[in-house]
Every structure is written in C-alpha cells, then in structure tokens.
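Here's the letter readout for the chains.
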Amino acid sequence: MTDVPEPPHNDFRADQPGTADRTAAEGAIERLRLEGGVFVEAVRATRMPMAITDPALPGNPIVFANDAFLALSGYSMDEVLGQQPHFMNGAGTDPEDARRFREALEQDRDVVLESAQYRKDGSRFLASVLLSAFKGPDGGTLHQFLSYQDMTARETAEARLAEAVLREAAAADREAQLRFLVGVQAMWEADAHGVVVTDSPSWRAYTGQTRDDWLGYGWLNAVHPDDRAYAERQWREAVAAREIVDAEFRLSAPSGGWRWTNVRAVPVFDADGNVSKWASTNLDIDARKRAEIALRESEERLSLAVEVGGLATWDWDLATGNVTWNDRHFLAQGYEVGEVPPSFEAWLARVHPDDRETAVGLTEAARDHGGVYAHEFRMLLPDGTVRWASARGHFFRDATGVPYRMIGVMEDVTERRRSEAHQRMLLEELQHRVRNTLSVVRSIARRTAATSETVEGLAAHLDGRLTAFSRTQAAVTRDPTSGVDLAEIVSAELEAHAAREGHAVTLEGPPVTLKPKAAEVFGLAVHELATNAVKYGVLGAEGGRLAVSWSATEDMLTFAWDERSSAETAPPSRRGVGTELLENLVAYELAAKTSLDFRRDGVRYQAVIPLDRLTR
C-alpha cells in the first residue's frame, strides 16, 4: 500500500520550491541585504524569531527568516522562503485573529496580536506577533517585519493563582487543594522543621529519585551541583523565618539531564499560630528559563558583534525624550563616556555645520513619513578633526501609526571614504596614463614611419622604441605613487643593448626619482643614445668607453652622455627620429636645454633640466 502524505497542520504550501513565487523570493534576498545593511545583520544575529516579507512580490511572501524563526516553526529556510506571512495559521487559529492579521498586512499597519500557531510537527503554540513596516526614503513599504514570541509559558500565571489559593486554604482539605494544583509537576510536604518525612510519588516521577533517596534532605541530591548550595540556603532561611519559599533552580530528570523548576513552599499554621508543616509545589519552567538564557546569550552576542564591528548605537524614547548611547557612541563623537546626557541635541552638536540641515531633514522625514533614516555625514570633533560617519535608524510606531521609539547604529567610515577617494585618484591617474601612453605610441609610430626608408627598417626601429617605452612603463607601474629611479632607467636600457656598467661603461650620479612622464621621456632618450652607440659608436667597437653621469643642484639636473672611441666615428648623414627626440622632445617635454655633439671620437649629449619637471 502506498503511504498517503499526512495533510499539513497549518497553511504551509509544500509546492513552493521551483515555482515563480519562490524564484522571486530568492531574488529579493540580495536586495534585502543591500537595503537593510546593519539592521538586517542584527535581525540575523538575534535569537528572537523574526521573518521579513516583500510586499512588492505577489502574495507578500517571506524572503528572509533568522535561525530562531526556523527553530520555532520547525521548517527549513528552503521551506519557508516564498510562504505567505500567515502560513502557520491552523485549525485552532481564531478566524478573527487571522482576519486582523491579514488586514494589518494589507493596510500596512503596525500591530501586535496573539494567535494560535502550528509548527511543522503539528504542535500548537500561542504566539505574540509584532508586525511592523520597513519603509524606504520615499515612504513606501520595502518590507514587512514579523517578530514572534512564544507565549505558551504564560501557564506560570495560572500556577501563581493556584499558589495564592493554596496559601489561603493551607488548612483546607487536601483534595480541595489538589483541584487547584492543575499543571503542577510535583506536590510534596515537609514537617514543621522543613524535613521531608512524607513520600511524594509526583516528586519521584519528576526527578527519578527513589523514596529512600528523597526523604529527609535527600531531595538536595536531585538539585544540580551548581545550584545545590543556593537551594539549601533558600530553604533553611525560609524555614527559620517562617516565610514563603520562591526559588528557581535545576533538578535532575528521569531520562537524564536537568530541567529548571520553580519551587513554591508555604508554611501551614495550626490554631495556635505555630507551623505544623510545609506545603510545597514544583512548576516546570524549563522552556521559559532556556528561552531567557538563549535571549541573554543572543543579546550578549549581538552586543559583542556591535563592539567588534565598532558600531555606535542609540535608543531614543520619543515620548520622554530619553536617549541611550553605548560607550562607542560617546567616543565616536569626541565625548568622554558619560560626559554629557545623551540627546538628539548633543549628537547634532558634533555633526559638521555644513551637514546639520540635511541630518535634521532626513531624521524628520523618516519620523513623519516613514522609512529608514540613512545618512553619511561629517563629524567635527573638539580638536578640529573631521571624521565621516554612516548612520541608519528605524522608527517604531504604535497601532495608530504614531512613532514612539527610534533605534539606530552609527559607524565610523572615515577610512573607507579615504580609500574610495584614493581609488578614484588612482583611476583618474590610470586614465590619464593610458591616454598619454597611446599618444606617445602614436607619435613614435608616426615619426618612425616618416623617417624609415624600408618596411624592414620601420619594423626594426618601431620595435626597439616601443620595447624601450614598454620597459619604462613596467618600471612606472610597479609603484605608480613612488616614481622611478634615474639610474634604473639608464641601467635597463644599457642592459637591453648588452652593455653593463664595468670597465667600458661607467654610471655616476646621486639618487634621483623621476615622476612617470619624465621617466618615459628619459627612457626614450637613453634608448636612442644606446642604439646609436651600438650602431655607430663605442658600444659597437673595441676599445671604446662610455661615461654616463648626472649631477643636481638646488633646482637643476645636468645629465651627460659621453662616448670615447679609439676609432674615428662619422656623424649621421641625416637627421632622424632619434636626433629629433634628443634635441626637441626632451627640450619640449622637460623644459630642458639640450646639446648633441657628434665628435670624431664619439657622441656627447647633455641636457640641463629643471628639477621640478623631473621629480614630484
């Protein structure tokens, strides 16, 4: 026989994965992350069950749920995405509650309501649901925010009532007392001195102790070791003072482990006003205590995340005007912690004067028209330092739409802004460099073509000049902000022509760092000198010597290329691109005075250049 799937206990739709609605919900997640920023990350981190919907999609489906929501509902993220906001409504949900929930969604109202809900396993729980709109700068709703609280633990109120009645009816018939103790896990008695002398099957069933284990003060052995001293002290002090015991601690469970219990014990007085015995109950509060511990741990983790992330936080009660800042908020605005009472005015006082009007306007717009307050602004600190901050805040509203509270975070983004400015500068520099490079390449190609007599000559000269230009560009781009050393350019060109500093070649000069444009011009000039020396001068003949030197005064650099050949060299028969570059291009680009002398024993070239055209 084929198993028939169990029908759902609630309005969950099992056919969501793979549908258009589900695909749309998944696509909204990234937008939600970008729009929500720090707020969404806080939702993700908290242990309070929370889900977020997207009313822009058909049916206003859920597009995000935190781990606490998944744990509460019993569904996975894959199952929850794309579901209707009220998918945990079931057979026991009051139709009036369901109607109010749907109307609040449709009318975009903030509301808190209680409703019976059903988990995936079919178990019922009473939920308090906060529905709040998450609006954009234009006042339109971007998302709806659902926060769930399990109210099932309110059974403790019923226990308190039973205990109060028990105090009034301490001397009444035991059967009458039992009728009031519905929901109590264990009931037991002790004598006038607080010693257990009567068996309690309900205690033994609750803790797993035997009768012999439990009598006398043996019940303390069922208390968690870390709570035992506290439990015994509470009991003995109450017995001595003849006062009610109201204590919470952990007890052993029959199946192993520990469960939190609330012990309530009242003295029962006889006709003479003496304590005749103690009547006691145990109420299981394990779910509530674990929820409290989980919430506390969640708050601690969120606090740690805020602290590690360097976030300043504020909480503003609009009705009373009271504002709470964390320590980071004081320090971020240049205050000592506690130096001033936190207030909107104290915050605004440290906003840069040029940004205050915008800051106030955005705050009032978010308060009056809805939406998230989001603003990047400058802070002017007392010492004159200007720092950038990014702030995001959310106004909470009552059922009538009136804002009553604002919570937000503020982050110092000064370094990020500096980094962005530096990146823009580098991009502009790169764009300028690319345009300049293309211009130089076009010029080299055009002039080489104009002076070449054959295709082969054109290719050889063009290849050599572009290769030299490429070497200089490689040196420049290794560290665009530092410049290039002049000695490095000269050495690289000589090595490219198989000439190194040594017995035939000498280099001499102080360190000089060239900015990119000057490095490009020098690279081409040295290339032309080296090429000529290989073809016609000292680098192409035996016994020749080459001395390259430069010297600097306060405002000028003198560069000299001096060839000494043992054989007579002839000057060029015509002026080519190389001669034009050495005499004219260097003079034009670097405001230099140049001289090129073709002597019989070799070439001498000199350029006298203003230092401010070469260095940064």
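Everything below is about the structure shown above.
Rules used throughout
- Residues numbered from 1 in each chain as written.
- Predicted model: local features only at pLDDT ≥ 70, side-chain atom pairs only at ≥ 80, totals over all residues.
- Heavy atoms only, no water.
- Helix = DSSP H or I, 4+ residues; strand = E, 2+ residues; numbered from the N terminus.
- Buried < 20%, exposed > 50% of the residue type's maximum accessible area, 1.4 Å probe, protein only.
- Contact = heavy atoms within 4.5 Å.
- Areas by Shrake-Rupley, 256 points an atom, 1.4 Å probe, with all protein chains shown as cover.
- Core = buried A, V, L, I, M, F, W, Y, C linked by side-chain atoms within 4.5 Å.
- Pairing = 2+ DSSP bridges.
- Salt bridge = Lys/Arg side-chain N within 4 Å of Asp/Glu carboxyl O.
- Phe/Tyr/Trp six-rings, centres within 6.5 Å; stacked < 30°, edge-to-face > 60°.
- Lys NZ or Arg CZ within 6 Å of the ring centre and 35° of its normal.
- Axes fitted to C-alpha atoms, helices over the stretch in contact; angles between N-to-C directions.
- Expected span 1.5 Å × (residues − 1).
- Polar contact = N/O pair within 3.5 Å; in protein donor to acceptor, adjacent residues only side chain to side chain.
- Left-handed = near helix turned anticlockwise from the far one by under 90°.
- Nonpolar A, V, L, I, M, F, W, Y, C, P; charged D, E, K, R; others polar.
- Arc of directions from axis to C-beta.

A. Here's a closer look at the overall build of the chain. In terms of helices and strands, the chain carries 19 helices and 21 strands. Expressed as a percentage of its 616 residues, the buried residues of the chain come to 42%. At a minimum sequence separation of 6, the contacts of the chain that also span at least 24 residues come to 54%. Within the structure as shown, the chain displays about 31,900 Å² of accessible surface, and the carbon and sulfur contribution to it stands at 53%.

B. Spotlight on the nonpolar core. Ranked by size, the top nonpolar core spans 39 residues in total, and within it Leu514, Phe522, Phe559, Trp561, Tyr605 and Leu614 carry the most contacts. At the level of secondary structure, the elements contributing two or more residues to this core comprise α17 (486–496), β16 (505–508), α18 (516–535), β18 (545–552), β19 (556–564), α19 (577–590) and β21 (602–610). Apart from the residues within four sequence positions on either side, Phe522 is in contact with Leu486, Ile489, Leu514, Leu557, Phe559, Leu590, Ile609 and Leu614.

C. Fine view of the pairing of strand β5 (residues 141–150). For strand β1 (residues 50–53) and β5, the ladder comprises four bridges, and the chain directions are antiparallel. Opposite Met50, over in β5, you have Ser147 as the bridge partner. As paired strands, strand β4 (residues 124–135) and β5 are joined by nine bridges and run antiparallel to one another. What sits directly across from Lys135, in β5, is Thr141.

D. Summary view of the pattern of salt bridges. Within this structure, the stated rule accounts for 30 salt bridges. Note that Asp227 is salt-bridged to Arg250, the shortest N-O span being 2.8 Å. Pair noted here: Asp227 is in helix α10 (residues 225–241) and Arg250 is in strand β7 (residues 245–252), with a separation of 23 residues, a long-range link. Among the salt bridges present, the one from Asp315 reaches Arg405, with a minimum N-O distance of 2.7 Å.

E. Geometry of unusual backbone geometry. Located in the positive-phi region is Asn60, a residue other than glycine, with phi close to 55°. In this structure, Asn60 sits in the loop between β1 and β2 (62–65). Although it is not a glycine, Arg242 adopts a positive phi angle of roughly 55°. Inspection of the secondary structure puts Arg242 in the loop between α10 and β7.

F. The arrangement of the environment of Ile244 in detail. Relative to the elements of secondary structure, Ile244 occurs in the loop between α10 and β7. By relative accessible area, which is 38% here, Ile244 ends up partly exposed. Each C-alpha atom of the pair Ile244 and Val266 lies 4.8 Å from the other, and the pair is 22 residues apart in sequence.

G. A look at the packing of aromatic side chains. Overall, the coordinates contain 16 aromatic pairs when judged by the stated rule. When the centroid spacing of 6.4 Å and the interplanar angle of 55° are considered together, the rings of Phe69 and Phe87 count as tilted. Pair noted here: Phe69 is in helix α3 (residues 67–73) and Phe87 is in the loop between α4 (77–80) and α5 (95–107), with a separation of 18 residues, a long-range link. Phe69 sits in the buried class, given a relative accessible area of 1%. By relative accessible area, which is 0% here, Phe87 ends up buried. When the ring of Trp347 is compared with that of Phe377, the centres are 5.6 Å apart and the planes differ by 90°; the resulting orientation is edge-to-face. With a gap of 30 residues between them, Trp347 in helix α13 (residues 344–349) and Phe377 in strand β12 (residues 373–380) connect regions that are remote in the sequence. Exposure class is identical for Trp347 and Phe377. Each is buried. Among the aromatic residues, those joined into a cluster by ring pairs are Trp188, Trp203, Trp214, Trp219, Trp235 and Trp278. Taking NZ or CZ as reference, Arg350 lies 3.9 Å from the ring centre of Tyr335, over its face. The side chain of Arg417 reaches across the aromatic face of Trp388, ending 3.5 Å from its centre.

H. The sheet that holds β2, seen in detail. Read across the sheet, five strands follow the order β2-β1-β5-β4-β3 without closing on themselves; strand pairing throughout is antiparallel. In this open sheet, the two edge strands, each paired with only one partner strand, are β2 and β3 (111–118). Ignoring which end each strand starts from, the neighbouring axes of this sheet average 30° apart.

I. Representation of α10 within the structure. Helix length check: α10, at 17 residues, gives a terminal C-alpha distance of 25 Å against a target of 24 Å (1.5 Å per residue), a fit within 8%. Looking at the packing, one finds that the buried side of α10 touches β6 (186–191), β7, β8 (258–269) and β9 (275–284).

J. Representation of the environment of Leu311 within the structure. Tracing the chain through its elements places Leu311 in strand β10 (residues 311–317). Sequence-wise, Leu311 and Asp412 are 101 residues apart; in three dimensions their C-alpha atoms are separated by 7.7 Å.

K. Expanded view of the side chain of Asn89. Here Asn89 lies in the loop between α4 and α5. Within polar-contact distance, the side chain of Asn89 engages the side chain of Gln117 at 2.7 Å. Filtering out sequence-adjacent residues up to four positions away, Asn89 remains in contact with Asn10, Asp11, Ala98, Ser115, Gln117 and Tyr118.

L. Molecular detail of the packing of α17 against α18. Here α17 crosses α18 at 35°, and the two axes come no closer than 9 Å. Handedness of the α17/α18 crossing: right-handed. Counted together, Leu486, Ile489, Val490 and Glu493 of α17 and Ala519, Phe522, Gly523, Val526 and His527 of α18 form the full contact between these two elements. Taken together, the residues that form the contact of α17 with α18 break down as six nonpolar, two polar and one charged.

M. Molecular detail of α5. End to end, α5 covers 18 Å across 13 residues, agreeing with the expected 18 Å (1.5 Å per residue, within 8%). For α5, the set of buried residues is Asp97, Ala98, Phe101, Ala104 and Leu105. Mapping the buried residues of α5 onto a view down its axis gives an arc of 130°, with all of them on the same face. For α5, the exposed residues set more than 90 degrees away from the buried face come down to Pro95 and Glu106. Along its buried surface, α5 packs onto β3, β4 and β5. With its phi angle positive at about 60°, Asp108 sits one or two positions after the end of α5.

N. Quick peek at the sheet that holds β6. Taken together, the four strands give an open sheet; going across it, the order is β6-β9-β8-β7, and neighbouring strands pair in antiparallel fashion. Since the sheet does not close on itself, it has two edges, and those belong to β6 and β7, each with one partner. Each strand of the sheet is rotated relative to its neighbour by a mean of 30°, with strand direction disregarded. Where β6 and β9 come together, six bridges link them in antiparallel fashion. Considered in β9, the bridge of Trp188 is made with Ser280. The sheet contacts of α10 involve β6, β7, β8 and β9, and relative to β7 the element is tilted by about 150°.

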